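# Examining the three-dimensional arrangement
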Amino acid sequence: MDTDGIDLHRIPRESYTDGSFHGVEFLPDNFRDSPNETTMRVSEKYSTLPADEKGIHIINIRAIEDIGYVRTESTLLNSFSQDPDANCKYGLYFRDGKRKVDYILVYHYKKSSFSRTLTRRIHFNDLGPRSLKQDQPLPGKGGQVNMQDIEPHMDYHEDDKRVRREEYESNLMQTGLELERDEDTKIHGLGFVKIHAPWNVLCREAEFMKLKMPTKKVYQIHQPHGLLKKINSVIQKITEPIQPKVAEHKHQTVKRLSYPFSREKQHLFDLSDRDSFYDSKTRSTIVYEILKRTTCTKAKYSMGQGEGRKKETTLLNKRRKCGKYGITSLLANNVYSAAYPLHDGDYEGEHIEPNDRKLLCEEWASYGVFYKYQPIDLVRKYFGEKIGLYFAWLGVYTQMLIPASIVGIIVFLYGCATVDENIPSMEMCDQRNNITMCPLCDRTCSYWKLSSACATARASHLFDNPATVFFSVFMALWAATFMEHWKRKQMRLNYRWDLTGFEEEEDHPRAEYEAKVLEKSLRKEYRNKETEKEKLTWKDRFPAYFTNFVSIIFMIGLTFAIVFGVIIYRISTAAALAISSSPGGRSNVRVTVTATAVIINLVVIIILDEVYGCIARWLTQIEVPKTDKSFEERLIFKAFLLKFVNAYTPIFYVAFFKGRFVGRPGDYVYIFHSFRMEECAPGGCLMELCIQLSIIMLGKQLIQNNLFEIGIPKMKKFIRYLKLKRQRPVDYEEHMKKKQRYEVDYNLEPFAGLTPEYMEMIIQFGFVTLFVASFPLAPLFALLNNIIEIRLDAKKFVTELRRPVAVRAKDIGIWYNILRGVGKLAVIINAFVISFTSDFIPRLVYLYMYSESGTMHGFVNHTLSYFNVSDFQEGTAPNDAIELGYPVQICRYKDYREPPWSESKYDIAKDFWAVLAARLAFVIVFQNLVMFMSDFVDWIIPDIPKDISQQIHKEKVLMVEVFMKEEQGKLQLLETWRDKDKRKGENCNNHSPRSSMSHRGSISSCHSCHVEV
């Protein structure tokens, strides 16, 4: 019986001959006698089923030709095929083996116990595409059927999802896409909808999207001449071993002229091979664009609300009418569980056909090719411009780290070579000076010798030397040069990838935004208010903005509180170790406290990074941004702000606050009236800053960036393997069989965007530039990490993630502005690190203002003040005053204060103000000088390379020439037609009428001449 309750077998064959059932091939007369006659309701429209299910050609329904659509014909049941999966290349093609799968939609379904008794339904092909029933099945295996009457106890949510899927898929077919369903998969409970975009749809959408496609016109790329040509040839020969062996990476001498595709000008384009004119990346992009703008409005229970409740009928109908759900909304509401394009094929195994994925795995996503350049053009061809630009930027950043690493190593080696010539550290290590220092804590700590800090002073010189200042200036200029170099590289890529003139159009509104607007309009309709086109205003978003502000302030405060807690830990641990009975514990107090505190900071940073990432996403979601681009930019800003504060707060504390608010002996600053503030080591806090920076940077890169990215996917894969082994042997054997491509890709991790990848590199860029004055080896460690990171990310994209939808982009977006901001901030921070954290400025002041011999001799003594032990506050003096073997009357501490025998004892001395003035002057001079030099580099290096600018201009000229030739050809053809028309007219006028020809007859004869023309 059909959907209207008519038993098709009881309709006499003669009644079909009137043409009302055009296109239907009838069943044989003895078909009723065949077994399973009640199971023969057709469920696959426009489909082909494998031969192992049915071997008889039952019905053939022609597709309806719409405007611009090619008439297609497909059959429900094909003839026998020995291996249908091999015909469709295991899921890369439809069942006919001809139509390529461009996109996959995945949904969950519940198999009914009545599925074996369901009969098949016939839809006739004389219905137009807009009159198709919403519950019609799709071609392929396991087409869905209407189960409202058969299974009344079905879950309302599942029924609602099924109805929306059917309407959405019907709307997709109306746009010209071809669909095929497959529910007979090895993954139980999952159905797959395969989508194919035919040629006419691809051409139509390429014109809408203004995709630049290659034309027939080929022109010569400008090549250098003379000396430059010889230099380039030498460089190419030297770098040949490190070039990837892919065709896209070879040096090109000619280029096809590109132009936005137009169906009216198809003759301009190179259509010799239609199958490869649109590559898989472009096809999936076009299909995704259709998926985003195609909507469905039918929802039986209105997004699951109203089930089991009595709603106002009018309001519910308005909600059904107004609610439009595109693919993003359907994914968000679990109508579909996934949507993704397919990978090109397998990347490992025997007898694999060559494909781009396999080539990327061999020449890019392998640790064995870490020394080679990246095949960026192939990456762009496979993943799209946005991901291609990320890896191109990462490659340029890694290359630029090579000179920075070399200079950093030289600066470090200079410190090692001059450590024995450093006079201040030699004076500190000289035990003959016999300088007695004041206790580091109250009561439990005793007096100590300055010479005991000899190792710390010598180690500080490795990073606190005159070369450090040069390196800070160098890194500021390096950052400016890197940004300019990237802009030039970006322009070259835009030219090569035909992105010149590309402007991003306004994106489709996000599903959450549309839902919020719909909710607002429904509220106004409920209040009987007339509504125009609604949109969210700042008043609607004010609660979200307020929540964002309060949450961010709270989380920044939480970070400060944790750093403060670590400070309390350091102070209390130092006091506990000072009273230790172990001499080794007492002698290594500073090293032990510093190392353990840094490890605690590292663990906290890694944990809070993950927490802050989730909170930043939630805060962005409640803001309900309109477009995906706006959502991404707001998310990036929040995540960067929180992660920046989280990563750098402990480092800022050591660099600028530790030891600044200690007080002096006899008048110390206390926390909670019991803990004294920390002091810097006699050699300064720069060495401790170096330890803090190195452990956090290396630990963050090793654990968070590499171990997590390698370990977590391996762990997930191992867990899936264990679950599979616990299943029944039949399921295990079924799993081990050859799967379809879309089943394999479904088991991969979904692509979560490039924000985490960029974020870890931007934080690393901050470590390299912000505090480079204290850690010259930071660029070297960043370089080693990035060499691994490139291949690690490549392997993840090629083998562990579903193929992302290709997105066109001409730059790296907001990340460039963040990089520039970090580069400018680095100049200021390095100026303060050199001026206030290191002893560079005090040494210069002593050398030119106070040194009697013009050398650094006496510098240590100049920086230490005197204190009379009789001036200790009650209860703060050391318990063991003669631990050094002699009574102490005067002890020293690091500060610029008046001695106890002065009239204004312990007041700040004039030397302090002289050093402070010099420090502030250095900050101002250093900052303005380096900023000026950076801006000069920015100005002197053009953003667009000269040869690229010439090539872009050449393309414009060639394009004008092409159109001018076309117009001239049209004019010549028109002139030819006019001449022919004129000659025909003259022939008619020169024809003399015969004796009896009437005027009317002559007119008709001339008219016939024109008609012939």
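Right above here is the structure, for reference.
Residues numbered from 1 in each chain as written. Predicted model: local features only at pLDDT ≥ 70, side-chain atom pairs only at ≥ 80, totals over all residues. Heavy atoms only, no water.

## Some thoughts on the overall build of the chain
Secondary structure summary: the chain contains 30 helices and 17 strands in total. In the chain, buried positions account for 48% of the 1013 residues. Of all intrachain contacts in the chain linking residues separated by at least 6 positions in sequence, the fraction that spans at least 24 positions is 80%. In the form shown here, the chain has an accessible surface area of approximately 52,200 Å², with 58% of it arising from carbon and sulfur atoms. (Helix = DSSP H or I, 4+ residues; strand = E, 2+ residues; numbered from the N terminus. Buried < 20%, exposed > 50% of the residue type's maximum accessible area, 1.4 Å probe, protein only. Contact = heavy atoms within 4.5 Å. Areas by Shrake-Rupley, 256 points an atom, 1.4 Å probe, with all protein chains shown as cover.)

## Digging into the packing of helix H9 (residues 356-363) against helix H10 (residues 376-383)
As a packed pair, H9 and H10 sit with axes 11 Å apart at the nearest point and diverge in direction by 140°. Where H9 crosses over H10, the handedness of that crossing is left-handed. Of the residues in H10, those touching H9 at Asp356, Arg357, Leu359 and Leu360 are Leu378, Val379, Lys381, Tyr382 and Phe383. Each residue belonging to the contact of H9 with H10 can be placed in one class, and the counts come to 6 nonpolar, no polar and 3 charged. (Axes fitted to C-alpha atoms, helices over the stretch in contact; angles between N-to-C directions. Left-handed = near helix turned anticlockwise from the far one by under 90°. Nonpolar A, V, L, I, M, F, W, Y, C, P; charged D, E, K, R; others polar.)

## Brief notes about the packing of aromatic side chains
Using the criterion set out here, one finds 54 aromatic pairs in the structure. Seen in terms of ring centroids, Phe370 and Tyr371 are 5.7 Å apart; in terms of plane orientation they differ by 90°. Their pairing is edge-to-face. Its relative accessible area of 48% is what places Phe370 among the partly exposed residues. Cation over ring: Lys255 sits above Tyr495, and NZ or CZ is 5.1 Å from the ring centre. (Phe/Tyr/Trp six-rings, centres within 6.5 Å; stacked < 30°, edge-to-face > 60°. Lys NZ or Arg CZ within 6 Å of the ring centre and 35° of its normal.)

## Overview of the nonpolar core
Core analysis: the largest hydrophobic core is formed by 125 residues, its most contacted members being Trp393, Tyr397, Trp478 and Phe771. Looking at which element gives the most residues to this core, the answer is helix H19 (residues 628-657), with 15 residues. What Tyr397 contacts, discounting residues up to four positions off in sequence, is Trp478, Phe482, Met761, Gln764, Phe765, Val768 and Asn786. Grouped together as the second largest cluster of nonpolar side chains are 46 residues, Tyr107, Phe277, Leu291 and Ile952 included. (Core = buried A, V, L, I, M, F, W, Y, C linked by side-chain atoms within 4.5 Å.)

## With respect to the pattern of salt bridges
In this structure the tally under the stated criterion is 43 salt bridges. The partner of Lys194 in a salt bridge is Glu180, and the shortest N-O contact between them spans 2.8 Å. Remark: Glu180 occurs in strand E5 (residues 178-182) and Lys194 occurs in strand E6 (residues 190-196); sequence separation between them is 14 residues. A relative accessible area of 1% places Glu180 in the buried class. (Salt bridge = Lys/Arg side-chain N within 4 Å of Asp/Glu carboxyl O.)

## Considerations on the environment of Leu499
Along the chain, Leu499 falls in the loop between helix H14 (466-496) and helix H15 (511-526). By relative accessible area, Leu499 is classed as buried at 3%. Once the C-alpha coordinates of Leu499 and Asp811 are considered, the two residues, 312 residues apart in sequence, prove to be 9.9 Å apart. The contacts of Leu499, once residues within four sequence positions are left out, are Glu385, Asn494, Ala809 and Lys810.

## Some points on the state of the cysteines
Tallied over the entire structure, the rule returns 3 disulfides. In this model Cys438 forms its disulfide with Cys891; the gap between the sulfur atoms is 1.9 Å. Taking the torsion about the S-S bond as the criterion, the Cys438 to Cys891 disulfide, at about 85°, is right-handed. Highlighted residues: Cys438 in the loop between strand E10 (436-437) and strand E11 (448-449) and Cys891 in strand E17 (residues 890-894), separated in sequence by 453 residues. In this pair, the class of Cys438 matches that of Cys891, namely buried. (Disulfide = S-S within 2.5 Å.)

## Some thoughts on the pairing of E5
Extensive coverage of E5 is indicated by the burial of 5 of its 5 residues. As judged from the 5 bridges shared by E5 and E6, these two strands associate in the antiparallel manner. Looking at E6, one finds that Leu179 is bridged to Ile195. (Pairing = 2+ DSSP bridges.)

## Quick notes on the side chain of Asn465
Following the sequence through the fold, Asn465 ends up in the loop between helix H13 (454-463) and H14. Within the structure, the side chain of Asn465 is placed 2.9 Å from the backbone oxygen of His461, a separation counted as a polar contact. Here Leu462 takes part through its backbone oxygen, which lies 3.2 Å from a polar atom of the side chain of Asn465. In contact with Asn465, other than residues within four places in its own chain, are Val411, Tyr414 and Gly415. (Polar contact = N/O pair within 3.5 Å; in protein donor to acceptor, adjacent residues only side chain to side chain.)

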